[in-house]
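Letter by letter, the chains look like this.
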Amino acid sequence: MSHELPLRPLPEKQEGDKSLWVAHFGGSFNPVHVGHIAIGRNLLDEYSFDRVVYVPASSHNPKPGLASEAARLSLLQMAIEGEPRFEASEYEMGKDSWTEPFETLMHLKDRYTEEAESVRLFTVRGDDYLPQMMTWTDELAEHEGLYEFIIVPRIRPSFQDISVSPEQMDLVSRMSYLMEFQDPVDVSSTLVRERLQRGVIHDLPIPAGTLDQIRRQELYGMGSGLPGAASI
């Protein structure tokens, strides 16, 4: 068994392709950071996607340090302002239970089918999801052809200690593409929250303008009296 899953490179949308290429990007965005935006920008600029839709998760199961839905959405909207091909969807917000990703994906597919005769739908996942995806064999077999995965390189996981059949590997490989970065951004929301809580805000890896909003709303342990920082 190979220690790595062979993945095809993510193709670029070709001129003359009349289908609408849409990338779903879900997560808590707690808070949104420059890595989230860099992934979306790469899809637009390098792969010619038509839409990148950021979908913040609801607060149905609040964890320590999770900002409100309204706060996370507001920061995200500020971060993508000015790029009409970016969108922040409120579809999962306000729900008192977890939304199945497949439900959100089909909602997006239905919505964008109203704009174009054909929609090619993708969903973004870090490569740390790959071992978990291997356990979704029955579900993915039913979903094949409805959407595809964009795998973002992060940790290059090994499958040495995972019991996976060749059929499982083949199914995930067929549905997945690897997105390459020239200069990948090594950042996480956890890191951002930890720095905010410590008041370490120099060169904070968050989109321009969001720090002032975090401070005004006193999010992530930042009080309004703390000093600001230059726009990033």
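Everything below is about the structure printed above this text.
Residues numbered from 1 in each chain as written. Predicted model: local features only at pLDDT ≥ 70, side-chain atom pairs only at ≥ 80, totals over all residues. Heavy atoms only, no water.

## Some points on the side chain of Arg215
Within the element layout of this structure, Arg215 appears in helix H8 (residues 210-216). Residue Arg215 is classed as buried on the basis of its relative accessible area of 15%. For Arg215, the side chain forms a polar contact with the side chain of Asp212, separated by 2.8 Å. (Helix = DSSP H or I, 4+ residues; strand = E, 2+ residues; numbered from the N terminus. Buried < 20%, exposed > 50% of the residue type's maximum accessible area, 1.4 Å probe, protein only. Polar contact = N/O pair within 3.5 Å; in protein donor to acceptor, adjacent residues only side chain to side chain.)

## Description of the nonpolar core
Counting 42 residues, the largest nonpolar core has Leu10, Leu43, Phe49, Tyr54, Ile150, Met179 and Leu196 as the members making the most contacts within it. Once you skip the residues sitting within four places of it in the chain, Leu196 turns out to touch Ile201, Leu204, Leu211, Ile214, Tyr220 and Met222. Grouped together as the second largest cluster of nonpolar side chains are 27 residues, Leu20, Leu105, Leu121 and Leu178 included. (Core = buried A, V, L, I, M, F, W, Y, C linked by side-chain atoms within 4.5 Å. Contact = heavy atoms within 4.5 Å.)

## Thoughts on the packing of aromatic side chains
Inspection of the entire model under this criterion finds 10 aromatic pairs. A centroid spacing of 5.5 Å and a plane angle of 45° characterise the contact between Trp21 and Phe122, whose relative ring orientation is tilted. Residue Trp21 is found in strand S2 (residues 20-27), and its partner Phe122 is found in strand S5 (residues 119-126); the two are separated by 101 residues along the sequence. Each ring, one from Tyr54 and one from Phe86, has its centre 5.5 Å from the other, and the planes form 75°; the classification is edge-to-face. Of the two residues, Tyr54 is situated in strand S3 (residues 51-56) and Phe86 in strand S4 (residues 86-88); the sequence distance between them amounts to 32 residues. Here the aromatic residues Trp21, Phe49, Phe122 and Tyr177 are joined through ring pairs into a cluster of three or more. Just above the ring of Tyr129 sits the side chain of Arg125; from NZ or CZ to the centre is 5.6 Å. (Phe/Tyr/Trp six-rings, centres within 6.5 Å; stacked < 30°, edge-to-face > 60°. Lys NZ or Arg CZ within 6 Å of the ring centre and 35° of its normal.)

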